[in-house]
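Next come the chains, spelled out residue by residue.
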Amino acid sequence: MDPLYYGDYLHLDKLLDAQHLESEKRNRAAHDEMVFIITHQTYELWFKQIVFELESIIKIFDDPRVQETKMATVLHRLNRVKTIQWVLIQQIDVIKTITPMDFLEFRDLLVPASGFQSIQFKQIEIMLGIKRKFRIAADQEFFCTRLTKTDKAELDKLEEKPSILELTDDWLRKMPFLEFDDFNFWQAYEAAVEKMLASDEKIIKENVTLTDREKQFQLNDLTATRTRFQSVFDESKFNELRKQGDFRLSHQAFLSALFVHLYRDEPMIYTPFRYLSLLLDIDELFTNWRQKHAVMVQRMLGTKIGTGGSSGHDYLDATTKQNRVFTDLYNLSTFLIPREDLPELPSELRRALGYFFSGQKK
Ligand code: HEM
């Protein structure tokens with residue numbers, strides 16, 4: 001066998017021969033079309049890597065009993081996704097070196113192609129959990145009408161498969177820590193919350209710097225907070241709100257996620273905490289990318305429509321707000337209470353949540 005040669009290994013013949021400028025084909029060469037193509041191609045390569053990582057994570061989680069020993073791999077790969085996302089955000093600055101006037105030299109040649117048709121981007125969204133029901137109406141429509149039959153069929157197939165959001169729900173629901181023999185953790189937590197809210201109420205009522213009107217205003221806020229807490233303690237209320245779209249996770253999964261945030265210092269809880277934190281980071285970094293892309297688009301197009309036919313910046317602004325995945329994990333913070341008010345866990349449970357080391361010297 002011939003010794004491996006760098007260019008052959010990387011198929012650079014194909015890779016470096018894949019930049020065909022539309023403007024050149026039409027005899028009106030636009031210099032900046034090259035950086036436009038290369039930036040998009042670089043994105044697609046990174047998207048491919050993200051899809052590859054997410055597929056492997058889904059495979060690990062798509063198991064009735066997720067193997068704990070695989071969690072380190074999951075964390076490591078999610079961290080890789082996160083690191084790539086930083087690069088993706090940074091790369092917007094490269095495309096921004098095209099000025100709006102330079103973009104106009106070839107923009108018309110791109111119609112009706114658009115980032116809308118980035119199948120890998122949509123795959124990432126769906127794999128994470130942005131299925132059609134969670135998309136804004138305009139996005140749902142474009143999703144179906146701007147793609148080839150083959151691409152659409154591929155995405156439809158993916159919609160039927162479990163997403164990371166759904167698999168995380170499953171995993172959280174099965175978390176064993178919430179089954180305590182005769183200790184009702186949630187009752188103890190509810191009492192601790194009530195104590196915290198009663199203390200807040202006292203502080204408001206005794207605050208001499210507030211007028212009666214201001215006090216009433218703050219007390220109303222407190223009542224709203226109490227109601228929000230009740231929705232978490234009461235499964236049927238929670239499910240009603242979930243139906244209206246206020247929550248995506250199931251009740252049991254939400255409680256597990258809350259428990260993980262409250263007791264993350266316990267050694268056994270730390271890995272689930274790291275996992276949920278990485279999901280938050282990834283969701284947030286996609287939002288950061290969407291926002292930076294939307295602002296770049298406004299700078300490039302003003303209020304012109306996109307080549308794919310959307311309202312352009314306004315559409316992208318709406319997807320930045322709406323196309324989020326792990327919204328429940330963000331809103332979880334509403335239900336946290338200070339560490340010193342946390343119910344003490346039974347010693348047997350604390351031991352189970354610790355590390356065991358039987359070889360300790362006497
Ligand atoms: C001159 C630079 C760019 C402009 C003016 C631009 C403009 C737009 C516009 C207006 C849309 C909305 C759909 C439409 O009506 O076409 C869009 C969507 C999109 N663009 Fe860009 N874009 C640019 C660069 C990029 C780059 C470098 C990427 C990297 C892959 C990208 C990825 C996407 C994606 C994935 C969408 C779909 C977003 C979604 O539906 O939420 N765009 N772009």
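The shown structure was predicted, so the numbers you read here are calculated from the model rather than taken from an experiment.

Draft legend 1. Expanded view of the overall build of the protein. Along its length, the protein carries 19 helices and 0 strands. The proportion of buried residues among the 362 residues of the protein is 43%. Total accessible area computed for the protein in this model is approximately 21,500 Å², and 54% of it derives from carbon and sulfur atoms. Here the protein contributes 49 positive and 56 negative side-chain charges, whose respective centroids are spaced 1 Å apart.

Draft legend 2. Main features of the packing of aromatic side chains. Under the criterion given, the structure shown has 26 aromatic pairs. Each ring, one from Phe-259 and one from Tyr-263, has its centre 4.8 Å from the other, and the planes form 35°; the classification is tilted. Here Phe-259 matches Tyr-263 in class, with each residue buried. An aromatic cluster is present here, built from Phe-185, Trp-186, Tyr-189, Phe-229, Phe-233, Phe-238, Phe-247, Phe-254, Phe-259, Tyr-263 and Phe-335 joined pairwise through their rings. Above the face of the Phe-134 ring, Arg-248 is positioned so that its terminal group lies 3.9 Å from the ring centre. Over the face of the ring belonging to Phe-273 we find Arg-264, whose NZ or CZ atom lies 5.5 Å from the ring centre.

Draft legend 3. Summary view of the layout of surface pockets. Of the voids in this model, the largest pocket is the one considered here, and its volume is about 1,300 Å³. Counting residues per element, the ones that place at least two in the lining of the largest pocket are α3 (22–25), α4 (33–61), α5 (71–95), α7 (107–110), α8 (119–128), α16 (267–301) and α17 (313–322). For the lining of the largest pocket, the leading source of residues is α4, giving 9 residues. Here the residues of the lining of the largest pocket are counted per class, giving 21 nonpolar, 18 polar and 9 charged.

Thresholds, definitions, all that
Residues numbered from 1 in each chain as written. Predicted model: local features only at pLDDT ≥ 70, side-chain atom pairs only at ≥ 80, totals over all residues. Heavy atoms only, no water. Helix = DSSP H or I, 4+ residues; strand = E, 2+ residues; numbered from the N terminus. Buried < 20%, exposed > 50% of the residue type's maximum accessible area, 1.4 Å probe, protein only. Areas by Shrake-Rupley, 256 points an atom, 1.4 Å probe, with all protein chains shown as cover. Lys, Arg positive; Asp, Glu negative; His and termini not counted. Charge placed at Lys NZ, Arg CZ, Asp CG, Glu CD. Phe/Tyr/Trp six-rings, centres within 6.5 Å; stacked < 30°, edge-to-face > 60°. Lys NZ or Arg CZ within 6 Å of the ring centre and 35° of its normal. 1 Å grid on protein atoms, 1.4 Å probe; cavity = no way out; pocket = protein on both sides within 12 Å on 5 of 7 lines; lining within 4 Å. Points joined across faces, edges and corners; volume = space filled by probe spheres on them. Nonpolar A, V, L, I, M, F, W, Y, C, P; charged D, E, K, R; others polar.

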